[in-house]
Amino acid sequence: MNILEKLKRGFLFFDGGMGTLLQERGLLPGEAPEKWNVTNPDIITSIHRAYFEAGANVVTTNTFGANPLKINNVFETVKAAVKNAKSAVFAREQYVALDIGPTGKLLKPLGDLDFEDAVSAFAETVKAGASDCDLIIIETMNDPYELKAAVIAAKENSDLPIFATFVLDESGKTMTGCDIPSMVAMLEGLGVSALGVNCSLGADKLKTFVPQLIEASSLPVIVNPNAGIPCIHDGKTCFDSTPDEFLHHMLEIADMGARVLGGCCGTTPEHIKKITDALKNSEPKPVIKKEYTVVSSYSRACVFSDKCVLIGERINPTGKSKFKAALRENNMDYIISEAVGQEESGAVMLDVNVGLPEIDEIDFLTRAVKEIQSVSSLPLQIDTSNPLALESAMRIYNGKPLVNSVSGKEESIKAVFPLVKKYGGAVIALTLDESGIPETAEGRYEIAKRIVERAEEYGIDRRDIIVDPLCLTVSSDKNAPRVTLDSIRLIKEGLGVKTSLGISNVSFGLPGRDFVTSTFFALALSFGLDAVIMNPYSSEMMKVYYAYNALCGLDPNCGEYIAFASDKKAEIISKDTEISLEKAIVKGLKKDAREITKQLILTTPPLEIVNNYIIPALDSVGDDYEKGKSFLPQLLLSAETANIAFDVVKEAIPKDNNAGMGDIVMATVKGDIHDIGKNIVKVILQNYGYTVHDLGKDVSPETVVEYVKSTGIKLVGLSALMTTTVPSMEETIKQLKAYDPNIKVMVGGAVLNPEYAEMIKADKYAKDAMEGVRYVKSIYN
């Protein structure tokens, strides 16, 4: 019985932690567990066997960090790991999962790792180990973009089923701000076989997010928590949840509907045995297919429901001379400003079309998608008739995009559907074929029906098909609007799919187009239109949208309508042409920030610009970040933009006055090569004007102490991601305090918490970058 058949029949039990068990057997603080695959294979095999004996169906290879960005001998290490795991199998229905963990680096634009380099790194692991495994488990992912890279690497180099789990903080989001519906949308689109959460939190806290997973997912849900909160005992990392306590919460998680259960950091064969013994004769709840039509960005899911989805049409050269000029001049700033302006005006998705005959559409569309996603969290509709440009953009898109479009032409179907199946996405289906656009609603319905059926042949669910019955101009055919309206109703009732319109076509060639377009929009809404590609700067269109929602009970207490009307947007909606320095920094508009600062410096003292413009802007973004209104991408982008403004200011400050706000030494502790958290804090601190002395990663306690001695700096920041390296952090703090008890030490990292930080004698635990900034401010103010 293969793993997917086993999964259909009942619960599937994964193993638990590996690192803490290796520590018990002599793994040194900071030593890479993957090395033991070659040097101590019998110990690795014995741990795998212990999990099988405890009732686990699946053991994961000891390859969490086995990628070329972390170790040199990937092939030898992975091969040995797989062999060790396979050697532990002693019965039927025992499976080996090739384990893939994160690279430890942030992908561009947040970090310096290119998406394709991440794919290549993961591919090496897959190529080395997949052929002898039963499935691939991609785990402990903080960033949907990195997770997508890993899934693509697995799909392109193996036919094995893919399970994927990600890490949530206590707010229910990943480090980069991705929520559960967004992650589920992307992973289901990519075609994984099961999905869920692991690590970071204990079962008591992780269980609070399981209902959201069950509600969003049509796939089996995985839950592999830590064994509670980490602590230090005899110089080793331990966890405070006993097997019985762990079982109590895991039974609740199983009752909620999770189908794949196991453990992560701190869990042992005893923890797993408690679960398997308790549930061995139980049946899991059935996996229920959800009928949601959803697309997503890296942090925002857009579900097509009762409210019409507003798709901004302005990033499109059709009929826009300024936009065409921007494309020809390679003016990406103009495109970014359109994205920001449409989001501020109420669009919830953005159409992106850069098709001009004289430009390289493949390159420009790909860059445009990357740049827009760096300033906007809105999902994107990738709009192109060029299959090569479509594939390039879909591949690097962070989330599950909407594709515009496929038609009933066989050539279009064969070009578009394989890409949608590979990369995941919903797709706009145009009701035209080789014979053109039918004149009747029934004719358009038949084309829509054929497209839906062909999609299902490719393994694409009809919930991911959004039909555009096409809106033709009323000035050339008085019956055209009625046919479109009838088509909407017929397609929705007959096929059960969502509908969309490029609505401005209806008024083409007429004066006062907004009046005609907005009135037709109201009619289309009454016929059940689900999405509209429109101009969000049109006050008439937005009036109809907000008024319709209020009148149809879609706007509780008319709150959105009142906010819209009272903000005077009902009178006029236009792009904000006056961009302040604060807004440029908050929105991440780098070119604007540079130019505005150059103008300000002519009339404003440099330090006044810093104190009255740059720092308040950073504080505003930081406050939103701490309140969960913005997320890591916005925080880092704003910091980069502020740095550009700072550079302009620095040029105007005399060198003897160019002192920093204060100094801090930062390092990732000995044995830990994950420097994501440290680098994030470093960027933010630097842009607040602090001087960061970055000692890098895998830094020994002695190196940190010697640097502090030589510089006299009294503030140190330490980072650790791995449970096996926290003892190195404790030793570093011990040596620092022995040298000078007045030195302040701030710590952070995924395996830490306030109690743990206090236990290892740190002065401050910073849960995120902004909390770190606040602490540094308190030291130097």
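Remember, it's a predicted structure, so these values are computed and weren't measured experimentally. (Residues numbered from 1 in each chain as written. Predicted model: local features only at pLDDT ≥ 70, side-chain atom pairs only at ≥ 80, totals over all residues. Heavy atoms only, no water.)

Things to note about the overall build of the chain
As a reminder of what qualifies: Secondary structure counts use DSSP, requiring at least four H or I residues in a row for a helix and at least two E residues in a row for a strand, with both numbered from the N terminus. Here the globule rule reads 2.2 Å times residues to the power 0.38, and the radius of gyration is calculated from C-alpha atoms. Buried, partly exposed and exposed residues are distinguished by accessible area as a fraction of the type maximum, computed with a 1.4 Å probe on protein chains only: under 20%, between the cut-offs, and over 50%, respectively. Using the Shrake-Rupley algorithm and a 1.4 Å probe, accessible areas are obtained, with residue cover drawn only from the displayed protein chains.
Assigned secondary structure in the chain consists of 31 helices and 25 strands. Relative to the compact-globule value of 28 Å for 781 residues, the chain shows a C-alpha radius of gyration of 28 Å, a close match. Over its C-alpha atoms, taken along the principal directions, the chain stretches across nearly 85 × 75 × 50 Å. Here the chain holds 781 residues, and 58% of them are scored as buried. Total accessible area on the chain stands at roughly 30,700 Å², and carbon and sulfur atoms take up 51% of it.

Points about the side chain of Asn37
Heads up, the condition is: The definition of a polar contact used here is a pair of N or O atoms within 3.5 Å, where within protein one atom must be able to donate a hydrogen and the other to accept one, and adjacent residues in sequence count solely through side-chain atom pairs.
Considering the arrangement of structural elements, one finds Asn37 in helix H3 (residues 36–39). Classification of Asn37 as buried rests on a relative accessible area of 2%. Side-chain polar atoms of Asn37 contact the backbone oxygen of Glu34, separated by 3.0 Å.

Thoughts on the nonpolar core
Our working definition: To define a nonpolar core, start from buried Ala, Val, Leu, Ile, Met, Phe, Trp, Tyr and Cys residues and group those joined through side-chain atoms within 4.5 Å. Residues are treated as being in contact if the distance between any of their heavy atoms lies within 4.5 Å.
In this structure, Leu187, Leu261 and Ile614 are the most contacted members of the largest nonpolar core, which totals 176 residues. Looking at this core element by element, the count peaks at 9 residues for helix H26 (residues 632–652). Not counting chain neighbours up to four residues away, the residues in contact with Leu261 comprise Phe11, Leu12, Phe13, Phe14, Val223, Asn224, Met250, Ile253, Ala254, Ile275 and Leu279. In this structure, Val669, Val716, Val726 and Val751 belong to the second largest nonpolar core, which totals 25 residues.

Topic: the domain arrangement of the chain
Rules: The domain boundaries here were taken from an automatic or database domain assignment. Throughout, the accessible surface (probe 1.4 Å) given up by two parts as they are put together, summed over both, is called the buried area. Salt bridge, as used here, is a side-chain nitrogen of Lys or Arg placed within 4 Å of a carboxyl oxygen of Asp or Glu.
For the chain, the domain assignment lists domain 1 (3–279), domain 2 (293–567), domain 3 (581–655) and domain 4 (660–780). Using only C-alpha atoms to locate each centre, domain 2 and domain 3 end up separated by 34 Å. Counting from both sides, the interface comprises 9 residues of domain 2 and, opposite them, 9 residues of domain 3. Interface area for domain 2 against domain 3, summed over the two sides, is near 730 Å², with a carbon-plus-sulfur share of 58%. The tally of links from domain 2 across to domain 3 stands at 2 salt bridges. For Lys587, the salt bridge goes to Glu344, with nearest N and O atoms at 3.6 Å. The interface formed by domain 2 and domain 3 holds 2 residue pairs in polar contact (both at pLDDT 80 or more) in total.

Considerations on the packing of aromatic side chains
Filter applied, for reference: Aromatic pairing here means that ring centres of Phe, Tyr or Trp (its six-membered ring) are within 6.5 Å. Orientation follows from the plane angle: under 30 degrees is stacked, over 60 is edge-to-face, and everything else is tilted.
As enumerated under the stated definition, the model contains 9 aromatic pairs in all. A ring pair is formed by Phe323 and Tyr334, whose centres lie 6.2 Å apart and whose planes are at 65 degrees; its orientation type is edge-to-face. Highlighted residues: Phe323 in helix H13 (residues 321–328) and Tyr334 in helix H14 (residues 332–344), separated in sequence by 11 residues. When the centroid spacing of 4.5 Å and the interplanar angle of 25 degrees are considered together, the rings of Tyr546 and Phe564 count as stacked. Pair noted here: Tyr546 is in helix H21 (residues 539–551) and Phe564 is in helix H22 (residues 559–566), with a separation of 18 residues, a long-range link. In this structure, Tyr546 and Phe564 share a single accessibility class: buried.

Description of helix H5 (residues 74–87)
Note the following rule: For a helix, the expected span equals 1.5 Å multiplied by the residue count minus one.
End to end, H5 covers 20 Å across 14 residues, agreeing with the expected 20 Å (1.5 Å per residue, within 8%). Three or more residues of H5 are buried, namely Val74, Thr77, Val78, Ala80, Ala81, Val82, Asn84 and Ala85. On its buried side, H5 packs onto H3, helix H4 (41–53), strand S2 (58–60), strand S3 (95–100) and helix H6 (115–129).

Thoughts on the environment of Asp433
Within the secondary structure layout, Asp433 lies in the loop between strand S17 (426–430) and helix H18 (441–457). Once residues lying within four places of it in the same chain are set aside, the contact partners of Asp433 are Gly408, Lys409, Ile447 and Arg450. In this structure the side chain of Asp433 is engaged in a polar contact, spanning 2.9 Å, whose partner is the side chain of Arg450.

Re the state of the cysteines
Selection rule: In this description, a disulfide is simply a cysteine sulfur pair whose atoms lie within 2.5 Å.
On inspection of all chains with the given rule, the structure shows 0 disulfides. Cys199 takes part in no disulfide bond, and the closest cysteine sulfur, belonging to Cys265, lies 3.7 Å away.

A few points about the packing of helix H27 (residues 676–687) against helix H31 (residues 769–780)
Note the threshold: Axis definition: a line fitted to C-alpha atoms, limited for helices to the stretch in contact. Angles are taken between N-to-C directions and run from 0 to 180 degrees. When describing relative orientation, an angle under 35 degrees is termed roughly parallel and one over 145 degrees roughly antiparallel, while 65 to 115 degrees is termed roughly perpendicular and anything else oblique. If you view the pair so one helix is near and one far, a crossing is left-handed when the near helix is turned anticlockwise from the far one by less than a right angle, and right-handed when it is turned clockwise. Each residue gets one of three labels, nonpolar for Ala, Val, Leu, Ile, Met, Phe, Trp, Tyr, Cys and Pro, charged for Asp, Glu, Lys and Arg, and polar for the others, Gly among them.
At their nearest, the axes of H27 and H31 sit 9 Å apart, and the two run at 50 degrees to each other. The angle between H27 and H31 places the two elements in the oblique class. The two elements H27 and H31 cross, and the hand of that crossing is right-handed. Across from Ile680, Val681, Ile684 and Leu685 in H27, the residues of H31 making contact are Ala769, Met770, Val773 and Val776. Of the residues belonging to the contact of H27 with H31, the class tally is 8 nonpolar, no polar and no charged.

Concerning the pairing of strand S6 (residues 194–202)
In plain terms, the rule: Following DSSP output, two strands are said to pair if at least two bridges run between them. The handedness of a crossover follows from its direction of travel: if, with the strands pointing away from the viewer, the path from the first strand over the helix to the second runs clockwise, the crossover is right-handed.
Within S6, 8 of the 9 residues are buried, which leaves it mostly tucked inside the rest of the structure. Strand direction decides the pairing type here: strand S5 (residues 162–166) and S6, joined by 4 bridges, are parallel. Within S6, the position partnered with Phe163 by the bridge is Ala194. Considered for its hand, the β-α-β crossover made up of S5, helix H8 (residues 180–190) and S6 is right-handed. Where S6 meets strand S7 (residues 221–226), 5 bridges bridge the pair, whose relative direction is parallel. What sits directly across from Leu195, in S7, is Val221.

Some details on the side chain of Ser296
Within the fold, Ser296 resides in strand S11 (residues 294–296). Excluding its chain neighbours within four sequence positions, the residues that come into contact with Ser296 are Ser182, Ala185, Met186, Ala301, Pro379, Tyr397, Asn398, Gly399, Lys400 and Pro401.

Looking at the pairing of strand S15 (residues 380–383)
Burial of S15 is two-sided: the residues Leu380 and Ile382 facing one way and the residues Gln381 and Asp383 facing the other way are all buried. For the handedness criterion, the β-α-β arrangement of strand S14 (residues 349–352), helix H15 (residues 361–375) and S15 is classed as right-handed.

Quick look at the sheet that holds strand S19 (residues 498–502)
Strand pairs in the sheet, formed through backbone hydrogen bonds, run parallel or antiparallel to each other. Pairing is parallel in the closed barrel, where 8 strands are placed in the order S13-S14-S15-S16-S17-S18-S19-S20. Strand-to-strand, the axes of this sheet are offset by a mean angle of 30 degrees, without reference to chain direction.

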